[in-house]
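One-letter residues, chain by chain:
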Amino acid sequence: MHNAEVRAQENTLLVVDQVGKQFGGLSALNNVSLSVRAGEIYGLIGPNGAGKTTLFNCMTGLYTVSSGAIHLNDVAVHNHKPHEVVARGFARTFQNIRLFANMTVLENVMVGRHIRSQAGVLGAVLRNALTRAEEKNIRERALYLLSRVGLDGKAQHLAGHLSYGLQRRLEIARALATDPSILALDEPVAGMNPSERRDMGELFLRLREEFRLTILLIEHDVKLVMCVCDKLAVLDYGCKISEGTPQVVQRDPAVIAAYLGGGK
Amino acid sequence: MDIFTQQIINGLVLGSIYALVALGYTMVYGILELINFAHGEVTMMGAMVALAVMGAILGVAPNMPGILVVVSGALLAIPACMLLGFAIERVAYRPLRHAPRLAPLITAIGVSIILQNVAMLVWGRQYIPFPEILPKSTFTVFGAHITGLQIFIIVLSALVMSGLWWLVQRTRLGRAMRACAQSREVASLMGVNVNKVISLTFVIGSALAAIAGLMVSAYYGLAHYYMGFMLGLKAFSAAVLGGIGNIAGAMLGGLLLGVIEALGAGYIGDITGGFLGSHYQDVFAFFVLIAVLVFRPSGLLGERVATRA
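Residues numbered from 1 in each chain as written. Chains lettered and ligands numbered in written order. Predicted model: local features only at pLDDT ≥ 70, side-chain atom pairs only at ≥ 80, totals over all residues. Heavy atoms only, no water.

J.: For this particular structure, what's the right way to read the pattern of salt bridges?
T.: Any two side chains of opposite charge can pair if their charged atoms end up close together. All names here are of chain A. By the definition in use, this model includes 19 salt bridges over all chains. Its salt-bridge partner being Lys136, residue Glu140 comes within 3.6 Å of it at the nearest N-O pair. On the criterion of helical spacing, the pair formed by Glu140 and Lys136 is a turn pair, its members being four residues apart in helix α6 (residues 129-148). Look at Lys136 and you get exposed, because its relative accessible area is 54%. Here Glu243 ties to Lys240 by a salt bridge, and the two come within 2.6 Å at their closest N and O atoms. Judged by relative accessible area, which is 29%, Glu243 ranks as partly exposed. On the basis of relative accessibility, which here comes to 30%, the residue Lys240 falls in the partly exposed class. Connected through shared salt-bridge partners, Arg113, Arg141 and Asp179 make up one network. (Salt bridge = Lys/Arg side-chain N within 4 Å of Asp/Glu carboxyl O. Helix = DSSP H or I, 4+ residues; strand = E, 2+ residues; numbered from the N terminus. Buried < 20%, exposed > 50% of the residue type's maximum accessible area, 1.4 Å probe, protein only.)

Dropping the structure here:
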């Protein structure tokens, strides 16, 4: 794996430092630390309720953290507004698909371009050359992204009318429209059959190369995770119980105990 | 003179004013699920500010062309209302964004009363006449009389509404508004500054309200501090009639309510054999509203989730 070695020498992109999150008395995350290098596909696994999505929500500004810090490209992003975190280069998809169902496929992706464009009320009213050019760029970029995730020809469909698998792909295209340096995917292949899962795995690898992405992946599908991830962290009851290459994590007794129970 | 055509035209004029105000209610509701009861008072403020400006201009230059005076009034009233709408959201609603839904509703009623009282203190309790400076020309269409002002109101409303429709459907800001209407949380995670979109929604709605306020005072020839209440109530009803949260619904609901009201005023005497006079037109309009809602609780175009903005 020559590529992986080259990437490993590159800079750390995302640092999660001792992050804790309490909901009332419940501790959903407990001193979780991760560091993700640029270009990695970093898997986040763990039983249901382990705190994976909570961690995503802390990273993307949806939740404030109770303690600790999150840095993206050496800039603190924790406790910032979601749109500020997006501006810094962090995009995500959702465990339960959350598209703008009543907007077209194209419009969904165009919303993703919002942060990378600026036309306001004035531009809309004056309709000057700059605004028109920007609108054209947004549209072309959105169409290009749709083609990259395999949604060519669906641009004018209502997002809510797409099949489940295509909706997942649309969420990815919408996230890519924000020009992220890191893309966080929350169970992107849940509910798909094995061949669809394989396609999605290939899509992730392809997108990483083309957009020079770093990918954070929450996933239960062990086979997919083992195939595409360079590194894994395992969460259980809000604590990181293991971290390393898929091969190392797979053999870690703590992980086996967490997944199979018991393990005294 | 053909009474039916006449009432339809009168109704369309009134209806396009209702529609402009209804849009402000429906846009805010679409994004925040908040009924901004202060919106009627923003309309009133638009009329009052415009009349004050026009009065001041006429005091200095009594021979200025009437249309120029009215345009100057509008050019000051519109930004004033935009600022007012922005301030109302910022001060009264944003701090309550995560409060239970009744809290901002009560606040809205509070803001509405405050604005009425401010207007009363500044301009007094009396009716303020709209200066007679607009040219009076009347045309006859299909046996009905239509004034230049009426034509102007209908045309301007149509222009403003098509502009708004285009803004919402075809521009970056409009997309962001529609995205926020579907999910503020997801929109923010896709990089939309939700607070900014909400502010702009209030500002745009208030600009429409200012235009409507000026229109209504020109149409009835007067303005007063309490005019926002009934106008707001009618416009809100129009928004509900069309399906609240739905922009096309607000336009349709406004026009329809105007026409129903005008027809009611024209025919209620005949229908009831003279028992009820034309001053019962409001009763007639609200009766129709209730009847529609019984059969279509979500309004004419409302599916609540469809094309909300």
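J.: Mind showing me how you'd approach the environment of A:Leu166 here?
T.: Residues and elements named next belong to chain A. Inspection of the secondary structure assignment puts Leu166 in helix α7 (residues 164-176). In sequence terms Leu166 and Leu224 are 58 residues apart; their C-alpha atoms lie 19 Å from each other. Apart from residues no more than four positions distant in its own chain, Leu166 is found in contact with Gly150, Leu151 and Lys154. (Contact = heavy atoms within 4.5 Å.)

J.: Would you take a moment to explain unusual backbone geometry for this structure?
T.: Keep in mind that most residues, glycine aside, have a negative phi and that most peptide bonds are trans. Of note, the phi angle at A:Asn79 is positive, near 55 degrees, even though the residue is not glycine. One can find A:Asn79 in the loop between β5 (75-76) and α3 (82-87). Residue classification places A:Asn79 among the partly exposed residues on the basis of a relative accessible area of 42%. One non-glycine residue, B:Phe142, adopts positive backbone phi at about 50 degrees. By the element assignment, B:Phe142 lies in the loop between β2 (138-141) and β3 (144-147).

J.: Would you mind going over the pairing of strand β7 (residues 182-186) of chain A with me for this structure?
T.: A regular strand places its side chains on the two faces of the sheet in alternate fashion. All names here are of chain A. Along β7, five of the five residues are buried, which leaves the element largely enclosed by surrounding structure. With burial as the criterion, each face of β7 is covered, one bearing Ile182, Ala184 and Asp186 and the other bearing Leu183 and Leu185. Note that strand β6 (residues 90-92) and β7 share three bridges and pair parallel. Bridging across to β7, Arg92 finds its partner in Ala184. Here β7 pairs with strand β8 (residues 214-218) via five bridges, running parallel. Counterpart to Leu185 in the pairing with β8 is Leu217. (Pairing = 2+ DSSP bridges.)

J.: Please clarify how the packing of helix α2 (residues 39-60) of chain B against helix α9 (residues 227-242) of chain B should be interpreted in this entry.
T.: Helix-helix packing: each pair is described by the crossing angle between the helix axes and the interaxial distance. All names here are of chain B. Packing of α2 against α9 leaves a shortest axis separation of 7 Å and a crossing angle of 130 degrees. On the basis of their axis angle, the class for α2 and α9 is oblique. Crossing angle aside, the handedness with which α2 passes α9 is right-handed. In this structure, α2 contributes Gly40, Glu41, Thr43, Met44 and Ala47 to the contact, and α9 contributes Met227, Gly228, Phe229, Leu231 and Gly232. Taken together, the residues of the contact of α2 with α9 break down into five nonpolar, four polar and one charged. (Axes fitted to C-alpha atoms, helices over the stretch in contact; angles between N-to-C directions. Parallel < 35°, antiparallel > 145°, perpendicular 65-115°, else oblique. Left-handed = near helix turned anticlockwise from the far one by under 90°. Nonpolar A, V, L, I, M, F, W, Y, C, P; charged D, E, K, R; others polar.)

J.: Honestly, the sheet that holds β5(A) in this entry has me stumped. Any pointers?
T.: Sheet strands associate in pairs through backbone hydrogen bonding, adopting either a parallel or an antiparallel arrangement. All names here are of chain A. Taking strand neighbours across the sheet as the criterion, the four strands line up as β2-β1-β4-β5 in an open arrangement whose pairing is antiparallel. The open sheet is flanked by β2 (26-37) and β5, the only strands paired with a single partner. Alignment of strand β4 (residues 67-72) against β5, held across two bridges, turns out to be antiparallel. Bridge pairing links His71 to Ala76 in β5. Helix α2 (residues 52-59) contacts β1 (12-23), β2 and β4 of the sheet and is inclined by roughly 70 degrees relative to β2.

Keep in mind these values describe shape, not function.
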